[in-house]
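# An overview of the molecular structure
Now for the letters of each chain:
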Amino acid sequence: MFILKFFKNYFDFNVTLLFLITVLFLYIDSKEYKQNGKQKEYKFCRFFMYLYTIIAIIGYILYLKLEI
């Protein structure tokens, strides 16, 4: 229940937008890491890029569902 209250009170479009901006920066960093041959850093950025995208989408959907 605490998690649902958190999403209802604090997770709105602005937070979703911040997550997606972070994903954009991680994407840019991952491209640079791949060009420089830094495989571990590339995989780290890609993992968190997908994780943040999923959190942003699920969080915003929960926020919309809880607002109704």
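Residues numbered from 1 in each chain as written. Predicted model: local features only at pLDDT ≥ 70, side-chain atom pairs only at ≥ 80, totals over all residues. Heavy atoms only, no water.

## Points about the packing of aromatic side chains
Using the criterion set out here, one finds six aromatic pairs in the structure. Seen in terms of ring centroids, Phe19 and Tyr52 are 5.7 Å apart; in terms of plane orientation they differ by 80°. Their pairing is edge-to-face. Of this pair, Phe19 sits in helix α2 (residues 13-36) while Tyr52 sits in helix α3 (residues 39-67), placing them 33 residues apart in sequence. In textbook terms, an aromatic cluster arises when at least three aromatic residues are bridged by ring pairs, as seen for Phe19, Phe44, Phe47, Phe48 and Tyr52. (Phe/Tyr/Trp six-rings, centres within 6.5 Å; stacked < 30°, edge-to-face > 60°. Helix = DSSP H or I, 4+ residues; strand = E, 2+ residues; numbered from the N terminus.)

## As for the packing of α2 against α3
Interaxial distance between α2 and α3 falls to 9 Å at its minimum, and their mutual angle equals 165°. Comparing the axis directions of α2 and α3 gives the class roughly antiparallel. Judged by the twist between their axes, the crossing of α2 over α3 is left-handed. Each of Phe13, Thr16, Phe19, Leu20, Thr22, Val23, Leu26, Tyr27, Asp29, Ser30, Tyr33 and Lys34 in α2 lies in contact with α3, whose residues at this interface are Glu41, Tyr42, Cys45, Arg46, Phe48, Met49, Tyr52, Thr53, Ile55, Ala56 and Tyr60. Looking at the contact of α2 with α3 residue by residue, the classes come out as 15 nonpolar, four polar and four charged. (Axes fitted to C-alpha atoms, helices over the stretch in contact; angles between N-to-C directions. Parallel < 35°, antiparallel > 145°, perpendicular 65-115°, else oblique. Left-handed = near helix turned anticlockwise from the far one by under 90°. Contact = heavy atoms within 4.5 Å. Nonpolar A, V, L, I, M, F, W, Y, C, P; charged D, E, K, R; others polar.)

## What to know about the side chain of Ser30
The residue Ser30 is located in helix α2 in this model. Residue classification places Ser30 among the buried residues on the basis of a relative accessible area of 1%. At a separation of 2.8 Å, a polar atom in the side chain of Ser30 contacts the main-chain carbonyl oxygen of Tyr27. Sequence-distant contacts of Ser30, that is, excluding residues within four places in its chain, are made with Tyr42, Cys45 and Arg46. (Buried < 20%, exposed > 50% of the residue type's maximum accessible area, 1.4 Å probe, protein only. Polar contact = N/O pair within 3.5 Å; in protein donor to acceptor, adjacent residues only side chain to side chain.)

## Things to note about the side chain of Thr16
In this fold, Thr16 is placed in helix α2. Given a relative accessible area of 7%, Thr16 falls into the buried group. Setting aside anything within four residues of it in sequence, one finds Thr16 in contact with Phe11, Ala56 and Tyr60.

## As for the packing of helix α1 (residues 2-10) against α3
Relative to each other, α1 and α3 sit at 85°, their axes nearing to 9 Å. Relative to α3, α1 is oriented roughly perpendicular. Contacts between α1 and α3 involve Leu4, Phe7 and Lys8 from the first element and Gly59, Leu62, Tyr63, Leu66 and Glu67 from the second.

Honestly, that's just the spatial picture; any functional story needs more than this.
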